[in-house]
Amino acid sequence: MSNKISKIIKTLSQRDVDALKSIYSHRCLTLNQIYQLHYSKSLRTNEDVSDSYCRKKITELIGLNLIEKVEYADIEVYFLTPSGIKVIRYCFDLPTNIYDSKRKVVKRGYYRASELKISGKYINHQVQTNQFLIDFQALKPDFYWKYFDEKYISRFSNIRPDGLLSMFDIDFFIEMDMGTESKKQLLDKWMNYRNFLNSREYQYSEKKIVVLFIIEGTNRKEARIDLVRHTINEGLLDKMDSNFEIYVDTKENILKMLQVRYFSILNNSNEFANKSKKLLTDKYDFHITSGETIKNLFNNTEYWAYCRKKNPNGNNIIVENNKVQEYVFDLYQFSPMSVIKKIAYLDSNNTFFKSKFNRELSYVIIGESETQLYHNLKIMDLLVINNVYLTTLDRMEKLPFHKALFQFDFLGNIHSFTDNGLEERCFECNISDLQEWWQR
């Protein structure tokens, strides 16, 4: 290390060094992002402070030639300079060389400043990806997690998402969509994912893969979400399995999903799942078995729960109105694509189940609302599928089981049932008149 770099390091606080490391890890950061990550709190009182101190520190770091400002359109970001890289190498002991066991080659153990640079037209995409991670950190998850920017992902060679967030036994692939890719480009993306799912790399992966497809950069986000889901249906749905999931939504909803769906694993606080389970057992008298434990009965498909009603001695499943009272259930909270896949391929799973038990299963989806279910099933051309029934927590709380379950027809009409045989349907209303129907 040169005397010049040594002298610079002595002038830096630990917070300054950490800020430089964040710029390195994220490739670039805006002033506000640097402020959020490192300078928003007083070290003495831990109270919020203005960004004036952060602006002063950035000016100092520019003066020391450790960072440089790059402007593109109306966005200003900061990259490390070669001197900034030298500071990072020393302060965080980045190795000169490392051995890449996958490729069996020796390579440099750090990136040069020139290698971290981004073409101007991609800067906003990088800024939005970085902001997602910063907002994720603001949720303060109290468990171990690790993030890799696209530049730093070495775990996978057959796929390259915009970022990778690793926690629990899951690798979350971050795909930041700015609304610029055409339908053809989206289909090309899913073809890359098809190739990945066909690869030995995926087959031997130790973690589940969950793709977080985040919609930004457009004022017509719902239309963009619909287009992305449509292309998944067309280009990838058939390849999805229990170790692969996709969520397509806005940044705000993706963050909420992570908090509700995955953070709650630690303390069993998923209210949607807990309410569903309580209603099924306490109100409807179902015995519940986790679908994960018996997925071999369903052609290796993992449902949320297998539910059945038993006679008083618990030996046999009850038959009501000529229908065996057993169902597989899934939760459609935050619109996971895996449930769409299971609806689309229910006939195949039922053929497998019938060959073993000489009967077919009924599949019940518990959604957040009738409107959500109608919209998403219509986009996927799955409004009318045999043996698929829909419900919501609201319906389950207020109605008997046969009334809580419903199906759509192609005109958007909602039909519940006259009894638990689920043979005779009863018209309720059209989806457009739903609010009026509930008010009766």
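Since this is a predicted model, take the numbers as computed values, not measurements.

A. Quick peek at helix α10 (residues 221–235). The terminal C-alpha atoms of α10, which comprises 15 residues, lie 21 Å apart, in line with the 21 Å expected from a rise of 1.5 Å per residue. Buried residues of α10: R224, I225, D226, V228, R229, T231, I232 and G235, and no others. Its buried side turned inward, α10 meets β7 (170–177), α8 (183–197), β8 (208–215), β9 (244–250), α13 (337–344) and α15 (370–379).

B. How the structure looks around the environment of V49. The residue V49 is located in the loop between α3 (31–39) and α4 (52–63) in this model. For V49, a relative accessible area of 30% puts it in the partly exposed group. Distance from V49 to Y39, taken between C-alpha atoms, is 7.9 Å for residues 10 residues apart in sequence. Among all residues touching V49, those that are not within four sequence positions of it are Y35, Y39, S40, K41 and S42.

C. Fine view of the pairing of β7. Counting buried positions along β7 yields eight of eight residues, so the element is predominantly enclosed. The alternating pattern of β7 places I170, F172, I174 and M176 on one face and D171, F173, E175 and D177 on the opposite face, and all of these are buried. Bridging between strand β6 (residues 163–167) and β7 involves five bridges; their strand directions are antiparallel. Among the inter-strand pairings, S166 is bridged to a residue of β7, identified as D171.

D. Quick look at unusual backbone geometry. Here A73, not a glycine, exhibits a phi torsion of approximately 55 degrees, which is positive. On the secondary structure map, A73 appears in the loop between β1 (67–72) and β2 (75–80).

E. Structural view of the packing of aromatic side chains. Going through the model one piece at a time under the given rule, you end up with 29 aromatic pairs. Centroid distance Y327 to F329: 6.2 Å. Interplanar angle 65 degrees. Geometry classified as edge-to-face. By the burial criterion, Y327 is buried, and F329 matches it. By way of ring pairs, the aromatic residues F156, F173, W190, Y193, F196, Y202, F213 and F244 are connected into one cluster. Directly above the ring of F286 sits K309, whose terminal nitrogen or CZ lies 5.4 Å from the centroid. Across the ring face of Y345, the terminal group of K341 is positioned such that the distance to the ring centre comes to 5.3 Å.

F. Region of the structure containing the side chain of H26. Mapping H26 onto the fold places it in helix α2 (residues 14–26). A residue is classified by how much of its surface remains accessible, and H26, at 6% relative accessible area, is buried. At 2.8 Å, the side chain of H26 forms a polar contact with the backbone oxygen of S22. What H26 contacts, discounting residues up to four positions off in sequence, is L37, Q126, N130, L133 and D149.

Rules behind the numbers
Residues numbered from 1 in each chain as written. Predicted model: local features only at pLDDT ≥ 70, side-chain atom pairs only at ≥ 80, totals over all residues. Heavy atoms only, no water. Helix = DSSP H or I, 4+ residues; strand = E, 2+ residues; numbered from the N terminus. Expected span 1.5 Å × (residues − 1). Buried < 20%, exposed > 50% of the residue type's maximum accessible area, 1.4 Å probe, protein only. Contact = heavy atoms within 4.5 Å. Pairing = 2+ DSSP bridges. Phe/Tyr/Trp six-rings, centres within 6.5 Å; stacked < 30°, edge-to-face > 60°. Lys NZ or Arg CZ within 6 Å of the ring centre and 35° of its normal. Polar contact = N/O pair within 3.5 Å; in protein donor to acceptor, adjacent residues only side chain to side chain.

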